Amino acid sequence: MDNIQHPENDSCYRSLNVNQGPDKQPPVVNPYMKRVRRKPLPSAGELVEGILKGDISVLSRAVTLIESLNPQHQTVAQEVIEKCLPYSGNSRRIGITGVPGAGKSTSIDVFGLHVLRDGGKLAVLAIDPSSERTKGSILGDKTRMEKLSQHPSAFIRPSPSAGSLGGVARKTRETIVLCEAAGFDNIFVETVGVGQSETAVHSMVDFFLLIQLAGTGDELQGIKRGIMEMADGIVINKADGDNIDRARLAQAQFRSALHLFPPTASGWQPEVLTYSGYFELGISEVWDMIDRYFAFVKENGYFERRRLEQARYWMYETINERLRDHFYSNPVVEQMLGEKELRVLANKQSSFTAARDVLDAYFNKM
């Protein structure tokens, strides 16, 4: 019988011997492994209590709820934000932008350590670019902020843009409220680079810092006028070694360009400085400039006016986003969009009349 089931056990195959396996196979899963149960979703009150105590793990979980698309998570997150709102507003919000490769993350690492030497707490909120194809993000900002990521008074939170800079910017704005309630008195918001995100980030910070490089050709060529008009300060990075003269030349060019712009709403004249993030040169001068700015805008009342304008801006932005989400999730709209898209692609209807038909159907069904 054994030779019928296993012909290889025949005497002619003396070098080979395969025996009948056990009837009962061992379980695939390790029986000694304990099942990991998900922690139940904490209540809004529990999250707020932990945030006000400065518990980083609770703060991180609350931020995750803000970023979640789950309606239940969003309900809890909005309740947490409302309860934390009275404890927010006591921080200096600084936006940091610049072309890719300008050294934003390295500079934040150095700036952050400089700030923390005087005490206090620092939160770094980084908007990380997502792939348009896979929607994935590396979220590797912590690896480029080696010293700051190990500091006990620092909190670094990268968020994927996921193709929706406006949506991520709104969630970053909400995260600022939670960080301030947790006792962080300095907030850095790093953008994905010169592009669409700058306008959104500018509308949630008190000071907007533009990091530039020298020695890359025409220093003014790749900068949009709108970005320079938003900047409260421009700093030329990598002003060290053989690059010092080029950095000083770029500094003179930027100063000349800024004089061509109309006066800022705050009355502050943006300054242009040079520094080296890698060698940590000129860091205190950059921070002294930021200190002078805050003293200036608080004295003339612009600081409070800007905070109020930002609150109003985000109210309308939230309305716009909710209306857009409600429109595209409407079943009538979903059905009509597919049909109208085919007609437009087949040149049977113009884009404008197709859009009008979809909107008419949406408003009639509301």
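Below: a short report on this structure.

**Brief notes about the nonpolar core**
- Ile51, Val80, Leu178 and Ile234 are the most contacted members of the largest nonpolar core, which has 51 residues in total.
- In this structure Ile51 touches Val58, Leu59, Ala62, Val80, Cys84, Leu178, Ala181 and Ala182, once residues within four positions along its chain are discounted.
- One finds Leu148, Leu273, Tyr275 and Phe294 within the second-largest nonpolar core, a separate group that totals 34 residues.

**Some details on a nonpolar patch on the surface**
- A surface patch of nonpolar side chains, amounting to about 410 Å² of accessible area, comprises Met315, Tyr316, Ile319 and Leu323.
- Inspection of the secondary structure assignment puts Ile319 in helix 12 (residues 302-328).

**Things to note about the pairing of strand 7 (residues 271-274)**
- Bridge count for strand 6 (residues 233-237) against strand 7 is four bridges, and the pairing is parallel. Paired with Ile234 across the strands is Val272, a residue of strand 7.

**Describing helix 5 (residues 104-116)**
- For helix 5, built from 13 residues, the straight-helix expectation of 18 Å at 1.5 Å per residue is met to within 8% by its first-to-last C-alpha distance of 18 Å.
- Here helix 5 lies mainly inside the structure; twelve of its 13 residues are buried.
- Of all the residues in helix 5, the buried ones are Lys104, Ser105, Ser107, Ile108, Asp109, Val110, Phe111, Gly112, Leu113, His114, Val115 and Leu116.

Cut-offs and rules
- Residues numbered from 1 in each chain as written.
- Predicted model: local features only at pLDDT ≥ 70, side-chain atom pairs only at ≥ 80, totals over all residues.
- Heavy atoms only, no water.
- Core = buried A, V, L, I, M, F, W, Y, C linked by side-chain atoms within 4.5 Å.
- Buried < 20%, exposed > 50% of the residue type's maximum accessible area, 1.4 Å probe, protein only.
- Contact = heavy atoms within 4.5 Å.
- Patch = residues over 30% accessible without salt bridge, like charges linked within 9 Å, V, L, I, M, F, W, Y side chains within 5 Å.
- Areas by Shrake-Rupley, 256 points an atom, 1.4 Å probe, with all protein chains shown as cover.
- Salt bridge = Lys/Arg side-chain N within 4 Å of Asp/Glu carboxyl O.
- Helix = DSSP H or I, 4+ residues; strand = E, 2+ residues; numbered from the N terminus.
- Pairing = 2+ DSSP bridges.
- Expected span 1.5 Å × (residues − 1).

So yeah, pure geometry; function would need other evidence.
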